[in-house]
Amino acid sequence: MHPERSELNGTEKPTSDDVAKILRERIQSGELEAGAPMPTQALLVQEFEVQRSVVRQALRMLQQEGLLTEVIRGSPARVAARSSRTEAADGTPRQTMVALGPRISATFGAADVRIDALCLTAESLSAALGEQRTLIHTRRSMPATITVRVLLPNRDIDLAFPGMISDPEESDPVHRRWLAQRNAHGIVLSDHLRGLGAVHGIDVDIQFKALPFTPPVKLYLLNGTEVLFAYYQVTEREEQIGRESVAIYDALGGVSPLFSFGAGDGHDQAFVTQSQTWFDALWTTIATDLVLD
């Protein structure tokens, strides 16, 4: 029996959590180096004396944490490079546009993908989901189902941001531009997923709903096990819209630092659970159906 296994459960069979814990420690200690292949599933089954399903689940857990890539049948997974994680080597959170793509890729390692998102325009999410086309086309990722729910601001509300600092005399060019961006990114996101579903036989369900307020944060819930969270940093700046220079309040979500909370730690688990409860409450109460046009 492997000594690490005996320290965990004594004579009991290790669970997927136990296997993931040991492998996580090997990755974080550098015993398993970034970019290196993991031992094959067959070797891990032999080492831990467990069923292959236990090993597969442990590997998926580490993939969802951003520690592994290429968790597919037929070839060993690889230890993720540090650049694919939500934090830099010094622990500093990475910008949304940098960090979200690898986390979405890890989410797509599951058989049933579920993503809930709260954001201003869905630009970052649309870009991250668009990256999955290559993985699916090359069979490096092949979920059976994809369920996506997106909460966006209602078109008829006065947004806190983006918005003109001075009240517009007539029409509001900042609001018109935000609405066009919201609709465009939502449509592209929907088209990406529905196209993948049609070509590869994936069961896709994507829904949008509208909120009666400006979200001060962006939130992504991934497979019910991870939360990615970023604050919109509101700034004042000049923006060229058409031929006019406009003073606006704005928040560039793509550069907002993205924080990750996983389901493994006690405090993180509570945050994941409450975030999902909060999202579900918004979805089923004050949010209204949204048609992008």
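As the structure is a prediction and not an experimental result, all values here were calculated from the model. (Residues numbered from 1 in each chain as written. Predicted model: local features only at pLDDT ≥ 70, side-chain atom pairs only at ≥ 80, totals over all residues. Heavy atoms only, no water.)

1. Digging into the pattern of salt bridges
Here is step 1: Summed over all chains, the structure comprises 8 salt bridges.
Here is step 2: In this structure, Arg26 engages Glu47 in a salt bridge whose closest nitrogen and oxygen atoms are separated by 2.6 Å. Residue Arg26 is found in helix α2 (residues 16-29), and its partner Glu47 is found in helix α3 (residues 41-48); the two are separated by 21 residues along the sequence. Comparing Arg26 with Glu47 shows no difference in burial state: the two are buried.
Here is step 3: Asp116 is paired through a salt bridge with Arg149; the nearest N and O atoms lie 2.9 Å apart. Placement of the pair is Asp116 in strand β3 (residues 112-118) and Arg149 in strand β4 (residues 145-153), with a sequence separation of 33 residues. Assigned by exposure class, Asp116 and Arg149 land together as buried.
Here is step 4: Several salt bridges share partner residues, and in doing so they unite Arg177, Arg237, Glu239 and Asp250 into one network. (Salt bridge = Lys/Arg side-chain N within 4 Å of Asp/Glu carboxyl O. Helix = DSSP H or I, 4+ residues; strand = E, 2+ residues; numbered from the N terminus. Buried < 20%, exposed > 50% of the residue type's maximum accessible area, 1.4 Å probe, protein only.)

2. Things to note about the confidence of the model for the chain
Here is step 1: When pLDDT is averaged across the chain, the result is 84; 85% of the residues are at 70 or more.
Here is step 2: By mean pLDDT, the top-scoring element of the chain is β4 (98), and the lowest-scoring one is helix α1 (residues 3-9) (45).
Here is step 3: Contacts for the low-pLDDT stretch residues 1-7, under 50 throughout, to residues beyond four places or in other chains number 15 contacts. (pLDDT = per-residue confidence, 0-100. Contact = heavy atoms within 4.5 Å.)

3. Overview of the pairing of strand β7 (residues 217-222)
Here is step 1: Counting buried positions along β7 gives 6 out of 6 residues, so the element sits mostly inside the fold.
Here is step 2: A two-sided burial pattern is seen for β7, the buried positions comprising Val217, Leu219 and Leu221 on one face and Lys218, Tyr220 and Leu222 on the other.
Here is step 3: Of the strand pairs in this sheet, β3 and β7 are connected by 4 bridges, and their pairing is antiparallel. What sits directly across from Ala117, in β7, is Tyr220.
Here is step 4: As paired elements, β7 and strand β8 (residues 226-231) share 6 bridges and run antiparallel to each other. (Pairing = 2+ DSSP bridges.)

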